[in-house]
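Topology and contacts: notes
Letter by letter, the chains look like this.
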Amino acid sequence: MTRRLLQQTETLAAYVHYKRIFSRTTAILPYPVLAPLVQTRTEVVSAIARARADLDRALASLETLADDDRQRVSYSVHALNNYLMVVASTLQLLRRKLAPGDRDVKRWLDSLNQATNLMMSTARGVLTAQRDVLPPLLLEPSSLGEIAEAACRAYADIARAKRVRIAWKAPLTRDSVLTDRVAAGAVLDNLLSNAVKYSHPGTGVSVTMAVDREKVFCSIRDRGPGLSADDQTKLFQRGVPLTSRPTAGESSSGYGLAIATDLANALGGCLSCESVLGQGSCFTFSLPLASPVLPN
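Residues numbered from 1 in each chain as written. Predicted model: local features only at pLDDT ≥ 70, side-chain atom pairs only at ≥ 80, totals over all residues. Heavy atoms only, no water.

**Brief notes about the pairing of strand 5 (residues 204-211)**
Sheet analysis places strand 2 (residues 165-168) next to strand 5, joined by four bridges and oriented parallel. Residue pairing across strands places I166 opposite V205, the latter belonging to strand 5. Bridge count for strand 5 against strand 6 (residues 215-221) is six bridges, and the pairing is antiparallel. Bridge pairing in strand 6 links S206 to R221. The antiparallel pairing of strand 5 with strand 6 creates a hairpin that spans three residues between the two strands. (Pairing = 2+ DSSP bridges. Helix = DSSP H or I, 4+ residues; strand = E, 2+ residues; numbered from the N terminus.)

Below you can see the structure in the form of structure tokens.
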């Protein structure tokens, strides 16, 4: 029971975190548009950081929950679902007010709305004790390269604070995939998060794209401790601790890659890993192409 709750709540955390990535894009909106929505960017960033810290503490405490704590978890998730309903309603109002005249604003608000729907579905899954049920996906024409570039920009500050450099290499062609942008972003978010966590200060993480006739590939390579052959056999299993540990004491629940794998499979793609102990790891996320590639 505890492990299932942890897995479902970790899924919720992934969506919360990727929702934060999309929220960063609003920083480039004109101030007259943002002024009615937020007081100051600093206050919003601080509030997000506090919420993230609270969620991390909640995830850590779930491992120690006993069966008699089910009621407390249900109460908390139910409250979270209520808050998300308020967010969803507010987003609907914003879409009516802001989206009609600006395609970029509409796309960002649509992404936030889908992230909220995914979180609400995950919360309902916890409340109804559903097992292995993924949230409903919103498939639409997208570019995996553009999603990857946005994730790299979002993680730049986190990596910089650890003295890890993210090297993004833009693809020569623009790919076209039919995918859920939030779910695909959550997969890449997990891979980038792990790459930074397992990188030594002063090293780099490279993010590259490749396209063949049928698929598009996003590869994220680090120069961290790497994985043993034994660890690689249980890499995508839920809640299984690995021998390698984050290089700066960061938390690692063992559920992130399992969630990323479930999402990748649901999108019709897959995750793979190549690693040499002591030399780093390379994780690749691939999706089927929706149409022939176009010039970038």
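Text resumes after the structure shown.
**Considerations on the environment of S275**
Within the secondary structure layout, S275 lies in strand 7 (residues 270-276). Sequence separation between S275 and A229 is 46 residues; the distance between their C-alpha atoms is 8.5 Å. Of the polar contacts made by the side chain of S275, one reaches the backbone nitrogen of L227; its length is 2.8 Å. (Polar contact = N/O pair within 3.5 Å; in protein donor to acceptor, adjacent residues only side chain to side chain.)

**Quick look at the sheet that holds strand 5**
An order of 2-5-6-8-7 is seen for the five strands of this open sheet, with the pairing classed as mixed. Taken across any chain shown, the strands that pair with only one partner, and hence form the sheet edges, are strand 2 and strand 7. Neighbour to neighbour, the strand axes of the sheet diverge by 15 degrees on average, direction disregarded. Alignment of strand 6 against strand 8 (residues 280-288), held across seven bridges, turns out to be antiparallel. Looking across to strand 8, one finds that I220 is bridged to F283. The strands touched by helix 9 (residues 256-266) within the sheet are strand 7 and strand 8, with strand 7 carrying the most contacts at an inclination of about 135 degrees. (Axes fitted to C-alpha atoms, helices over the stretch in contact; angles between N-to-C directions. Contact = heavy atoms within 4.5 Å.)

None of the figures reported here should be taken as evidence of function without further support.
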